[in-house]
Amino acid sequence: YLYWSRIPASMLSARLDKHHFLDNFVYQKAGNKLKKTDLASLLKSIGLESFEQYLGEHKLSRDSILDPGNASAVAEMFVRHWDEVVRIMEENTREILDYLKEAVRGNKKIAIVDVGWTGKNIMYLKKIIYRYIDPQCEVECFLAAFRSAANQTLELDESIHTYLFS
């Protein structure tokens, strides 16, 4: 049993899927009308404070509020320096990966249970397990609910099950 959140999953997935990383840390946050995030806070929250040096190149500042109007510029900044993003994410997630390895170690079959709705986070956790820990480990995923319109590719994955409704 372990505690998990989408933040470490997204950080660990940087090498695996640039789109997932950008979606979680840029586009979803830009669309959040309830919680406004300035770019200095965003960069600090994911360990990329050093990227403040690149903000000016994209007509952004540390006080800029991430929103739909500047999300593409923020994403472009990350993409332009993608190798650096991956390197920093890997440095910052070594302990997280060790924690996950300890939880999975020796198990040939595990279950991931999530109260999520789209299934993206459990899928990335599953990919991380296959990529970094044990490609032979059988991983079954259980979601409390599933909204197929949110991620139609998950409908094709037979390892995802709902335990309340879909």
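Predicted model only: the values in this text are computed from it and were never measured.

## Topic: the overall build of the protein
Now for step 1: Looking only at helices and strands, one finds 7 helices and 3 strands in the protein.
Now for step 2: In the protein, the order of α-helices and β-strands from amino to carboxyl end is α-α-α-α-α-α-β-α-β-β.
Now for step 3: Taken over C-alpha atoms, the radius of gyration comes to 17 Å for the protein, in line with the 15 Å a tight globule of 166 residues would show.
Now for step 4: Based on the C-alpha atoms only, the size of the protein along its principal axes is roughly 50 × 30 × 25 Å.
Now for step 5: Within the protein, the proportion of its 166 residues that are buried is 44%.
Now for step 6: Long-range contacts, defined as pairs at least 24 residues apart, comprise 65% of the intrachain contacts of the protein with a sequence gap of at least 6.
Now for step 7: Of the roughly 9,500 Å² of accessible surface on the protein, 50% is carried by carbon and sulfur atoms.
Now for step 8: Across the protein, the mean location of the 22 positive side-chain charges is 2 Å away from that of the 23 negative side-chain charges.

## So, unusual backbone geometry
Now for step 1: The phi torsion at Lys59 lies on the positive side, around 55°, for a residue other than glycine.
Now for step 2: Within the secondary structure, Lys59 is located in the loop between α3 (39–45) and α4 (71–80).

## A few points about the nonpolar core
Now for step 1: Counting residues in each nonpolar core, the largest one holds 27 residues, and the members touching the most others are Phe21, Leu48, Phe51, Val74 and Phe78.
Now for step 2: At the level of secondary structure, the elements contributing two or more residues to this core comprise α2 (18–30), α3, α4 and α5 (82–92).
Now for step 3: In this structure Phe78 touches Phe21, Leu22, Val26, Leu43, Ile46, Leu48, Phe51 and Val85, once residues within four positions along its chain are discounted.
Now for step 4: Counting residues in each nonpolar core, the second largest holds 16 residues, with Leu12, Leu125, Ile128 and Cys141 among its members.

## Observations concerning the packing of α2 against α5
Now for step 1: At a closest axis distance of 12 Å, the pairing of α2 and α5 adopts a crossing angle of 80°. Looking at the two axes, α2 sits roughly perpendicular to α5. Contacts from Lys18, Phe21 and Leu22 in α2 reach Trp82, Val85 and Met89 in α5.
Now for step 2: Tallied by class, the residues present in the contact of α2 with α5 amount to 5 nonpolar, no polar and 1 charged.

## Details of a nonpolar patch on the surface
Now for step 1: The grouping of Val113, Val115, Tyr163 and Leu164 at the surface amounts to a nonpolar patch, some 440 Å² of accessible area in total.
Now for step 2: By the element assignment, Tyr163 lies in strand β3 (residues 160–165).
Now for step 3: A residue is classified by how much of its surface remains accessible, and Tyr163, at 37% relative accessible area, is partly exposed.

## Describing the side chain of Asn24
Now for step 1: Note on placement: Asn24 falls in helix α2.
Now for step 2: Those residues within four positions of Asn24 in sequence are excluded, and the remaining contacts are Arg6, Ser10, Lys29 and Asn121.

## Details of the layout of surface pockets
Now for step 1: A volume near 490 Å³ is recorded for the largest pocket.
Now for step 2: Around the largest pocket sit 18 residues that line it, and Leu2, Trp4, Ile112, Val113 and Leu125 are the ones nearest its centre.
Now for step 3: Mapped onto the lining of the largest pocket, the elements with two or more residues apiece are α6 (94–104), β1 (109–114) and α7 (120–133).
Now for step 4: Per-element tally for the lining of the largest pocket: the top contributor is β1, with 5 residues.

## What about α2?
Count 3.6 residues to each turn of an α-helix, and residues three or four apart come out pointing the same way.
Now for step 1: The first and last C-alpha atoms of α2 sit 17 Å apart over 13 residues, in line with the 18 Å expected at 1.5 Å per residue.
Now for step 2: Taking the largest bend as the criterion, α2 deviates by roughly 35°, centred on Asn24.
Now for step 3: In this fold, the buried residues of α2 make contact with α1 (6–12), α3, α4, α5 and α7.

## Regarding the packing of α2 against α7
Now for step 1: Following both chains from N to C, one finds α2 and α7 inclined at 145°, their axes separated by 11 Å at the closest point. With respect to the hand of their crossing, α2 and α7 are arranged in left-handed fashion. Residues His20, Asp23, Asn24 and Gln28 of α2 form the contact with α7, whose participating residues are Lys120, Asn121 and Tyr124.

## Things to note about the side chain of His20
Now for step 1: The residue His20 is located in helix α2 in this model.
Now for step 2: Leaving out residues up to four positions away in the same chain, His20 has contacts with Ser10, Ser13, Lys120, Asn121 and Tyr124.

Definitions and cut-offs
- Residues numbered from 1 in each chain as written.
- Predicted model: local features only at pLDDT ≥ 70, side-chain atom pairs only at ≥ 80, totals over all residues.
- Heavy atoms only, no water.
- Helix = DSSP H or I, 4+ residues; strand = E, 2+ residues; numbered from the N terminus.
- Rg over C-alpha atoms; globule rule 2.2 N^0.38 Å.
- Buried < 20%, exposed > 50% of the residue type's maximum accessible area, 1.4 Å probe, protein only.
- Contact = heavy atoms within 4.5 Å.
- Areas by Shrake-Rupley, 256 points an atom, 1.4 Å probe, with all protein chains shown as cover.
- Lys, Arg positive; Asp, Glu negative; His and termini not counted.
- Charge placed at Lys NZ, Arg CZ, Asp CG, Glu CD.
- Core = buried A, V, L, I, M, F, W, Y, C linked by side-chain atoms within 4.5 Å.
- Axes fitted to C-alpha atoms, helices over the stretch in contact; angles between N-to-C directions.
- Parallel < 35°, antiparallel > 145°, perpendicular 65-115°, else oblique.
- Nonpolar A, V, L, I, M, F, W, Y, C, P; charged D, E, K, R; others polar.
- Patch = residues over 30% accessible without salt bridge, like charges linked within 9 Å, V, L, I, M, F, W, Y side chains within 5 Å.
- Salt bridge = Lys/Arg side-chain N within 4 Å of Asp/Glu carboxyl O.
- 1 Å grid on protein atoms, 1.4 Å probe; cavity = no way out; pocket = protein on both sides within 12 Å on 5 of 7 lines; lining within 4 Å.
- Points joined across faces, edges and corners; volume = space filled by probe spheres on them.
- Expected span 1.5 Å × (residues − 1).
- Bend = angle between axes of the 7 residues up to and from the residue.
- Left-handed = near helix turned anticlockwise from the far one by under 90°.

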